[in-house]
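Residue-level listing of the chains:
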Amino acid sequence: MPDQERVIRIRRPYLDLISAGTKTIEVRVGYPSMRRIHPGQTLVFESGDAHCRTIVTSVAEYPDFDAMLDTEAPEAIGSEGMSRAELLTACREIYPPEKEQLGVLAIHLRLTP
């Protein structure tokens, strides 16, 4: 049985980056529901009435945001030109320390036609 599409709500600036093809890694913390995301799965990101359909190409797990940024390409996560410090701040504004302790997932995406 094929996977159902999964809808994930996202802040509009990040949706716009995914839609433009510049943000190819979505960062989430390790909630049990997020840990079920797997390669080949269709994710539909939505913000208000806007949406963007993607396919998961891989999922990498890290103990925290610092470890993730040691490995993943910053330009694939945030806006062009964002520094490591700016990315860390953005991630930690969304997820407080107790959420970061759940682990960090770097969900690699590609747009679907």
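Up top is the structure.
Values in this document were obtained by computation on a predicted structure and should not be read as measured data. (Residues numbered from 1 in each chain as written. Predicted model: local features only at pLDDT ≥ 70, side-chain atom pairs only at ≥ 80, totals over all residues. Heavy atoms only, no water.)

A count of helical and extended segments in the chain gives 5 helices and 5 strands. Along the chain, helices and strands appear, N-terminal first, in the series β-α-β-α-β-β-α-α-α-β. In summary, the chain has a C-alpha radius of gyration of 13 Å against a globular reference of 13 Å for 113 residues, a match within 12%. Here the C-alpha coordinates of the chain stretch approximately 40 × 30 × 25 Å along the principal axes. Residues counted as buried form 42% of the 113 residues belonging to the chain. For the chain, contacts bridging at least 24 residues in sequence account for 73% of all contacts bridging at least 6. Surface summary for the chain: the accessible area is close to 6,400 Å², and the carbon and sulfur share equals 52%. If the 13 positive side-chain charges of the chain are averaged to one point and the 17 negative ones to another, these points end up 6 Å apart. (Helix = DSSP H or I, 4+ residues; strand = E, 2+ residues; numbered from the N terminus. Rg over C-alpha atoms; globule rule 2.2 N^0.38 Å. Buried < 20%, exposed > 50% of the residue type's maximum accessible area, 1.4 Å probe, protein only. Contact = heavy atoms within 4.5 Å. Areas by Shrake-Rupley, 256 points an atom, 1.4 Å probe, with all protein chains shown as cover. Lys, Arg positive; Asp, Glu negative; His and termini not counted. Charge placed at Lys NZ, Arg CZ, Asp CG, Glu CD.)

Before going further, it helps to examine the sheet that holds strand β4 (residues 50–62). Taken together, 5 strands build an open sheet; the order of strands is β1-β3-β4-β5-β2 and the sheet is mixed. Whereas interior strands pair on both sides, the edge strands pair on one side only; in this sheet they are β1 (6–9) and β2 (25–29). Recorded for the sheet is a direction-independent mean angle of 40° between the axes of neighbouring strands. As paired elements, β2 and strand β5 (residues 104–111) share 5 bridges and run antiparallel to each other. By the bridge assignment, Glu26 is partnered in β5 with Ile107. Lying over the sheet, helix α1 (residues 12–20) contacts β2, β3 (42–47), β4 and β5, oriented at roughly 90° with respect to β4. (Pairing = 2+ DSSP bridges. Axes fitted to C-alpha atoms, helices over the stretch in contact; angles between N-to-C directions.)

What follows concerns the environment of Arg12. Within the fold, Arg12 resides in helix α1. With 34 residues separating them along the chain, Arg12 and Glu46 place their C-alpha atoms 8.0 Å apart. In this view, Arg12 contacts Ser47 and Ala50; residues no more than four positions away in its chain are not counted. Here Asp16 takes part through its side chain, which lies 2.9 Å from a polar atom of the side chain of Arg12. (Polar contact = N/O pair within 3.5 Å; in protein donor to acceptor, adjacent residues only side chain to side chain.)

Before going further, it helps to spend a moment on the state of the cysteines. All chains considered together, the criterion is met by 0 disulfides. Here Cys52 is not cross-linked by a disulfide; its sulfur's nearest cysteine counterpart is in Cys91, at 19 Å. By relative accessible area, which is 7% here, Cys52 ends up buried. (Disulfide = S-S within 2.5 Å.)

One can find Thr42 in strand β3. Placed 37 residues apart in sequence, Thr42 and Ser79 show a C-alpha to C-alpha distance of 23 Å. Contact partners of Thr42, with chain neighbours within four places excluded, come to Gln4, Glu5, Arg6, Arg53, Thr54 and Ile55.

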